[in-house]
Structure formats: structure tokens, C-alpha cells
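# Chain and residue survey
Next come the chains, spelled out residue by residue.
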Amino acid sequence: MTSNVPRLTTIVLFPIFAGFLLPILPRDGNRIIRWYTLGICILEFSLITYIFHCHFQFDFQSIQLIETVNWINFINFHWILGIDGFSMSLILLTGFVTTLATLAAWPITRNARLFYFSMLVTYSGQIGLFVSRDILLFFFMWELELIPVYLLLCLWGGKRRSYSATKFVSYTAGGSIFLLVAALTMSFYGNQVPSFDIQNLVGKSYPISLEFALYLGFLIAYAVKLPIFPLHTWLPDTHGEAHYSTCMLLAGVLLKMGGYGLIRINLELLIHAHLFFRSWLILFGAIQVVYASLASMSQHNLKRRIAYSSISHMGFVAIGIGSVTDAGINGAMLQMISHGLIGAALFFLAGTCCDRTRTPFLEELGGIANSMPKLFTMFSAFSLASLALPGMSGFVAEFLVFPGVVTSKQYSFSFKAQITVLEAIGTVLAPIYLLSMLRQMFYGYKLSNESNPFLIDFGPREVFTLTCLFLPILGIGSYPNLILPLWNSEVISILFSYSATK
């Protein structure tokens, strides 16, 4: 379905072009800069919501609202945009989380122009990746967010911000090399003129050894972003030093780029290789769930504990994608949406808590529930959501992934039993490290208003931000069909392709 109106181009370019107007705002107008950026984010999210409500068709089993412009003739590089259920759900998540992250960044006044410009460029890059239908454009958008995120980490982070920013760039750029080489090889193979259009690459056949190499190249890039064990070590360092508004973008959206790429390229385009590697994907995902849970329990830094918790939960995404079943793929997508909301909220809570207590170390906290009851209530609610309490979105997502592996006929009983046990161990460990974190932070008598005058409870801005994040978590957990039909036709199409392959 082709669109004659450049709706998708508008939502990709609007944030970055709006960011170029920041230099003309008053020199000492931090308040104006904040309101301007927040207004741009709200307007962008409104445009996304309008496209979803008025132009997106749930039962359409193909790419919608396709926009094509010939960009660079001699290499056949096109500006091709389009959406389906997978991309539309993540675009909505991006708009929602980025708007709230902009509101969360309200206290930032140092170099505010550059900070908010970096956020708007990141916004455009993330939206652009989810709507790209040209694999070279996909890579371009993948790289677009690299420099602004580096600046957000390096200029507004903690004491070890330079180290964490450099590590983030090293891992991401290193993975991007594999992505570029694989994308170019896929596009040039068998063609006198390269074809970067993803639609033309669907069903394209390769020698099995080349397909395996392509799959591994893409997988390395996505494993860094998702992240998949053992390419995850940049994440705790980054989250431990980044400002909490940047952490919201990282946890809420950036990690989902890896999961989306794994579905869009590896799962849909490299079917034979995925059938071979999917058991390894499930195995590494299950190991990640347990390993990251155990690592989280050993962390004394609040942000790093939540970071390892985040890694553990993203292991369910790898398991769901590897299962190639209806329940598994639905669970993986729902886990990305759920984790985007819960992760963003937990990092916002952790960051604001560290600002008020002037320490990120759990052993130095304790007894702050009396001083900050709103913080205590919100932290407890989102921690329960993170440990997959029934009635919350995390429970539905992780529950779907379990039968996603068990119902697959491609694995032996012993393999399914082992994976299920590892998943169950991770599920049991989550309440241990999260509830012990709450006990260390909020119970006891270490900190009080007398010993720390910065123990000020949440105001309206913080309560509003967290309420906005909590409502969809509760809504999806109570009624999963609120969002599952969004990508149902795409899941059916993928399963049909794999059944035809077998």
C-alpha cells in the first residue's frame, strides 16, 4: 500500500529539523529551550498517534504507507519508508518514551541547547530505523543515533562518563561494521546492480555458507544492541554513569533496535540460517536470563543492579525470537514493549533517588520510605512489574515465551526441559534481587531528613511521568489484546514462510 502523502518522512525528519532551530532561541532561555523541545516531542508523538489511528490497518498483511524517493542513482540507493505491526508498535513506544524522557530531563541546565538537540537527533534516528525499508538506509539510521548518544553519555554522565561513552561507541561501532558488510554483501550478491530494497531481498536465495555468514554478521550487530550475552558488558557501565533521562532512552528504545533488527532481517530474510542458529539463540538467551539475574544480585550500585536486571529480561526476547512459534514471537515483541516501559521507569526512579540521596550505593541507603513515601510507592510498584507480577505487562510477555519454546516441535524434550528450567530459575531470581533492593533502600533507619536535607519527595512532574508509564503497563497486563493484534498478521506471515520452508 503506497502513500502519496509523506507522512512517514515527516515523522522522521521533523525532530531533527526542529532541533536545528534551537540555536536561534534566546541565549539564556533554558526554560524556553525545555518547553520548545517538549512541545516538539508532544507534536511528534501526536503525529505518530494520528498515523496509527487514521491510516494504519491491523489486518493488512504487507508493508503499509510506502514512500519511495530515488536518493543516489548510481548505487540504486532509495529513500524507502514503510510500516507494519512490528514497526508501528515500536514507533509508538519511541514517541511515548522519548516525550517522557524529555520531561524527565527538566532539571538539566548546563549546555541545554546541545543536550536537547542530541535528544531530537536520537529521536529521528530511532523513528527512521523502524520505518526504513532500504537496508542501506536502515544502516544509516542505525548509525545516526551513535554520536548524539555518545554526547549525552560523555557530557552529562557521572565520574566515569568518558570511559562508559567510549565503551558504548566501541561496542556499537564495532558491531556496525559487521552490519554494513553483511548488508552490502546481501545487496550485491547475484546482482549486476545492487538492490537495497528489503522487499526485493525477501525470498532471495544464497549459498548456505554465505547465508550463515550473513546471519552471523547481522547477529553480532544486534547482539550488541539487544544486548545478548556475552556482548552485553557495555550496558552496566553505560547505565551506571548516564543521566537518568538518557537511561530512559537507552532502556526504553535503544535496546529494542537490536530486537527489531533480529526480527526484520535475520528472522524474515535469512530463514534457513535462522532455522540452524535458533537453538543457539534460545540457549544463549536462557543463559543470559540466569547469568544477568545472578550478576544483578551481586551489584551494590543501584543503577548497575537495574542494568543487569534489564539484561536478564531482554534474554526472553532472544528466546522468543529463536522459538519461531506464535506464542514465542508474540511474547518477544510484547517483552520489548513491556521492558521499554518498565525499564524507562526504573531508571528514572533510580536516577532521581540517587540525586536526592547523593549516593548510588545500596549499603549507604536505608529508611528513606518515611521521608519519600511517593518514591517508595512508585519504586515498589514498578519493581513488582519488573518481577512479572500477574496483572502487569511483564507477566504476560514472559508467560508467552515459556510455551513458545515448549510447544515447538523442532526441539527434543530434554532441550525444552533445560531451557524451561533456566527460564524458571531466572523468574525466581527476579523477586530476590528486586525485593532485596527495596529492603535495602527503604527500610531501616540509616537516612532521614535530619541527616540528609536533600530527601525531598516527588513533585507533580515526577508523579505525572511515572503515572504515564504505569498505566499502559497495567492496561497491557490486564488486557493483552490491547496490543497483541497490532502485529498478529505479521506473525502469521512469518510462520507461513517457515512452514513452507520445512
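A few points on the structure. (Residues numbered from 1 in each chain as written. Predicted model: local features only at pLDDT ≥ 70, side-chain atom pairs only at ≥ 80, totals over all residues. Heavy atoms only, no water.)

## A closer look at the overall build of the protein
A tally of helices and strands in the protein yields 19 helices and two strands. Relative to a compact globule of 502 residues, whose C-alpha radius of gyration would be 23 Å, the protein shows 22 Å and is just as compact. C-alpha extents for the protein along the principal axes are approximately 75 × 60 × 40 Å. Expressed as a percentage of its 502 residues, the buried residues of the protein come to 60%. Surface summary for the protein: the accessible area is close to 18700 Å², and the carbon and sulfur share equals 67%. Both charge centroids of the protein, one from 28 positive and one from 23 negative side chains, sit 6 Å from each other. (Helix = DSSP H or I, 4+ residues; strand = E, 2+ residues; numbered from the N terminus. Rg over C-alpha atoms; globule rule 2.2 N^0.38 Å. Buried < 20%, exposed > 50% of the residue type's maximum accessible area, 1.4 Å probe, protein only. Areas by Shrake-Rupley, 256 points an atom, 1.4 Å probe, with all protein chains shown as cover. Lys, Arg positive; Asp, Glu negative; His and termini not counted. Charge placed at Lys NZ, Arg CZ, Asp CG, Glu CD.)

## With respect to the packing of aromatic side chains
According to the stated counting rule, one finds 31 aromatic pairs in the structure shown. Ring centres of Phe-348 and Phe-458 lie 6.4 Å apart, and the angle between their planes is 35°; on these two criteria the pair is classed as tilted. Here Phe-348 is found in helix 14 (residues 326-357), whereas its partner Phe-458 is found in the loop between helix 17 (413-442) and helix 18 (460-478), with 110 residues between them in sequence. According to the relative accessible area criterion, Phe-458 is buried, its value standing at 4%. Taken together through their ring pairs, the aromatic side chains of Phe-138, Trp-142, Phe-218 and Tyr-222 make up a single cluster. Against the face of Trp-142 rests Lys-225, its NZ or CZ located 3.9 Å from the ring centre. (Phe/Tyr/Trp six-rings, centres within 6.5 Å; stacked < 30°, edge-to-face > 60°. Lys NZ or Arg CZ within 6 Å of the ring centre and 35° of its normal.)

## Here we look at the side chain of Asn-330
Turning to its location among the elements, Asn-330 is positioned in helix 14. Polar contacts involving the side chain of Asn-330 include one to the side chain of Asp-326, which spans 2.6 Å. Once residues within four sequence positions are removed from consideration, Asn-330 is found in contact with Leu-400, Leu-484, Trp-487 and Val-491. (Polar contact = N/O pair within 3.5 Å; in protein donor to acceptor, adjacent residues only side chain to side chain. Contact = heavy atoms within 4.5 Å.)

## A closer look at a nonpolar patch on the surface
The grouping of Ile-177, Phe-178, Val-181 and Ile-220 at the surface amounts to a nonpolar patch, some 350 Å² of accessible area in total. Element by element, the count of residues in the nonpolar patch is highest for helix 7 (residues 161-188), at three residues. Relative to the helices and strands, Val-181 resides in helix 7. (Patch = residues over 30% accessible without salt bridge, like charges linked within 9 Å, V, L, I, M, F, W, Y side chains within 5 Å. Salt bridge = Lys/Arg side-chain N within 4 Å of Asp/Glu carboxyl O.)

## Re the pattern of salt bridges
Scanning the entire structure with this criterion turns up seven salt bridges. Asp-84 serves as the salt-bridge partner of Arg-264, at 2.7 Å between the closest nitrogen and oxygen. Of the two residues, Arg-264 sits in helix 11 (residues 244-269) while Asp-84 sits in the loop between strand 2 (77-83) and helix 3 (85-104), which places them 180 residues apart along the sequence. Exposure class is identical for Arg-264 and Asp-84. Each is buried.

## Here we look at the pairing of strand 2
Along any regular strand the residues' side chains alternate between the sheet's two faces. Within strand 2, seven of the seven residues are buried, which leaves the element mostly enclosed by the surrounding structure. Residues Phe-77, Trp-79, Leu-81 and Ile-83 of strand 2 are buried on one face, and the alternating residues His-78, Ile-80 and Gly-82, pointing to the opposite face, are buried as well.

## Here we look at empty space enclosed by the protein
What the rule picks out here adds up to three cavities of 30 Å³ or more. The computed volume of the largest cavity comes to approximately 120 Å³. Along the wall of the largest cavity there are 15 residues; nearest its centre are His-313, His-339, Ile-342, Gly-343 and Ser-386. At the level of secondary structure, the elements contributing two or more residues to the lining of the largest cavity comprise helix 13 (302-323), helix 14, helix 15 (373-386) and helix 16 (393-406). Considering every element that reaches the lining of the largest cavity, the biggest residue donor is helix 14, with seven residues. (1 Å grid on protein atoms, 1.4 Å probe; cavity = no way out; pocket = protein on both sides within 12 Å on 5 of 7 lines; lining within 4 Å. Points joined across faces, edges and corners; volume = space filled by probe spheres on them.)

## Regarding the state of the cysteines
Joining two cysteines, a disulfide is a covalent bond between their sulfur atoms. Enumeration over the complete set of coordinates arrives at zero disulfides. In this structure Cys-353 is a free cysteine whose sulfur lies 5.7 Å from that of Cys-354, the closest cysteine sulfur available. (Disulfide = S-S within 2.5 Å.)

## Some details on the environment of Tyr-116
On the secondary structure map, Tyr-116 appears in helix 4 (residues 112-131). Put simply, Tyr-116 and Thr-102 are 14 residues apart on the chain and 7.9 Å apart in space, counted from C-alpha to C-alpha. Not counting chain neighbours up to four residues away, the residues in contact with Tyr-116 comprise Leu-22, Ile-33, Arg-34, Thr-37, Thr-102, Ala-105, Trp-106 and Ile-108.

## Side note on the environment of Ala-242
Mapped onto the elements, Ala-242 comes out in the loop between helix 10 (234-241) and helix 11. For the pair Ala-242 and Phe-56, spaced 186 residues apart in sequence, the C-alpha to C-alpha distance is 36 Å. Not counting the four nearest positions on each side in its chain, Ala-242 is found in contact with Leu-153, Trp-156, Gly-157, Cys-247 and Lys-303.

## Describing helix 7
In this model, helix 7 (28 residues) spans 40 Å end to end at C-alpha, consistent with the 40 Å of a helix rising 1.5 Å per residue. Where helix 7 is buried, its residues touch helix 5 (135-144), helix 6 (146-155), helix 8 (198-201), helix 9 (208-225), helix 10 and helix 11. Backbone geometry just downstream of helix 7 places Gly-190 in the positive-phi region, at approximately 75°. (Expected span 1.5 Å × (residues − 1).)

## What about the nonpolar core?
Ranked by internal contacts, the top residues of the largest apolar core, which has 162 residues, are Phe-218, Leu-302, Phe-379 and Trp-487. If near-sequence neighbours (up to four positions away) are discounted, Leu-302 is found in contact with Ala-350, Cys-353, Cys-354, Pro-360, Leu-362, Phe-379, Met-437 and Met-441. Counting residues in hydrophobic clusters, the runner-up holds 11 residues, among them Ile-282, Ala-286, Val-289 and Phe-402. (Core = buried A, V, L, I, M, F, W, Y, C linked by side-chain atoms within 4.5 Å.)

## Digging into the side chain of Thr-37
In this fold, Thr-37 is placed in helix 2 (residues 30-55). Residues within four places of Thr-37 in sequence aside, it is in contact with Leu-22, Thr-102, Tyr-116 and Leu-120.

## A word on helix 13
When the terminal C-alpha atoms of helix 13 are compared, their 33 Å separation across 22 residues agrees well with the 32 Å that a helix rising 1.5 Å per residue should span. The element helix 13 is extensively covered by neighbouring structure, given that 21 of its 22 residues are classed as buried. Regarding helix 13, its N-cap is Asn-301, as a side-chain oxygen of that residue lies 2.9 Å from the backbone nitrogen of Lys-303 further along. A positive phi of about 50° marks Val-324, the residue just after helix 13.

Functional significance is not addressed by these values, which are geometric in nature.
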